[in-house]
Amino acid sequence: MSAALTPYWLIFRAGVRRQSTYWLATIGGLVANLTFGFLKAAVLFATVEAAGGELKGYDLATMSGYVWLSQGLLGCINAHGQSEIGDRIKNGDIAIDFARPTSVFASFAASDLGGGAYSFLPRGLPAIVVGALTTGIALAHNVTGWVLGLLAVAIGMMLSFCGRYAINILGLWLVETRGLQMFYMVVSTFLMGIFIPVGLFPDWLRTLAHATPFPAMFMTPIDLLSGRIDGWAGVSAVAVQLAWLVGLVTLCLLLTQLGRRHLEVQGG
């Protein structure tokens, strides 16, 4: 590994270790994921059955795939608007981060991705296994689908981080961003497809959702891992993810650069 990347690898590992410390919270998150997974499955399965066994491309197997993959990915693809950088801006510690010889954006990204990657193992994977053993679950049909699906998960994690980072970095101008964080959480959780698949949205709302990066964060990995899309459609979906990632990373870097010039440390 090159010397330039070593600090970020160490920060990534620190993010893993920090997340692994809160094992009681991890267990609580798993219990919540399983509980709401069964509730979501009951409602959505009844909806599919009422529609005659198929609803806008979803049958019981693919709907089960959606339910349990969505519950499994909640730990690593976050829809809430909170980010550590928001707190550090508010208390003035961001000045220390800017003084370090590393990229502020890349450092927070490495830490966030480390925590998210760890969360998938004790919290996400068991939820998917439980779903597979209880209600059954549709999964990708071939190796290509799995490779694209896992790549989409990694990109989705980074997209999720970028969205939260962009909201919180605005604290360099606003100081208090809790209102924006709440608004972001409400909008993102819905448009991501956390409650129901984006494919079940009315046409106008589905079009609106796909004009944002939120479905690329969450629904694209689920659709690929559940085998709902594959082949060139899967490649196209990942390409859309990458396009959103380039745009959001550029936005985050620009906001960081402009915010650094504007920085006013509040407090002593």
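For the structure given in this document, a descriptive report is provided here. Sequence order as written defines the numbering, with residues in each chain counted from 1. Reporting in this predicted model follows two pLDDT cut-offs: at least 70 for local features of residues, and 80 or more for side-chain atom pairs to be given and counted; totals over whole chains, interfaces and linings ignore these cut-offs and use all residues. To obtain the side-chain values, all non-hydrogen atoms of the structure were used and water was disregarded.

## Things to note about the environment of Ala-110
To keep things clear, this is the line we draw: Working definition: helices are DSSP H or I runs of at least four residues, strands are E runs of at least two. Numbering for both runs from the N terminus. Exposure classes here rest on a 1.4 Å probe applied to the protein chains alone. A residue is buried below 20% of its type maximum, exposed above 50%, and partly exposed in between.
Residue placement: Ala-110 occurs in helix α6 (residues 104-134). Given a relative accessible area of 9%, Ala-110 falls into the buried group.

## Notes on the nonpolar core
Under the convention used in this document: The set of buried Ala, Val, Leu, Ile, Met, Phe, Trp, Tyr and Cys residues whose side-chain atoms join them within 4.5 Å is what this entry labels a nonpolar core. Should any heavy atoms of two residues lie within 4.5 Å, those residues are counted as being in contact.
Judged by nonpolar contacts, the single largest core of 63 residues is most densely connected at Met-63, Tyr-66, Ile-85, Phe-161, Cys-162 and Tyr-165. Once residues within four sequence positions are removed from consideration, Phe-161 is found in contact with Phe-105, Phe-108, Ala-109 and Asp-112.

## Description of the layout of surface pockets
Rules: Any residue with an atom within 4 Å of a point lines the site, the site being either a cavity, points on a 1 Å grid over the protein atoms alone where a 1.4 Å probe fits but cannot get out, or a pocket, an open set with protein on both sides within 12 Å along at least 5 of 7 lines. Grid points are joined across faces, edges and corners, and a volume is the space filled by probe spheres set on the points. Residues were grouped as follows: Ala, Val, Leu, Ile, Met, Phe, Trp, Tyr, Cys and Pro as nonpolar; Asp, Glu, Lys and Arg as charged; and all remaining residues, including Gly, as polar.
Counted as a void, the largest pocket has a volume near 780 Å³. The wall of the largest pocket is formed by 30 residues, among which Gln-19, His-80, Gln-82, Glu-84 and Asp-112 lie closest to the centre. Mapped by element, the contributors of at least two residues to the lining of the largest pocket are α1 (6-21), α2 (23-50), α4 (84-91), α6, α7 (143-169) and α9 (178-192). For the lining of the largest pocket, the element with the most residues is α6, which contributes 7 residues. The computed volume of the second largest pocket comes to approximately 240 Å³. What lines the second largest pocket is a set of 16 residues, and nearest its centre among them are His-210, Pro-215, Met-219, Thr-220 and Asp-223. For the lining of the second largest pocket, the elements supplying multiple residues, two or more each, are α10 (203-210), α11 (214-225) and α12 (231-262). No other element matches α11, which puts 5 residues into the lining of the second largest pocket. Of the residues that constitute the lining of the second largest pocket, the class distribution is 9 nonpolar, 4 polar and 3 charged.

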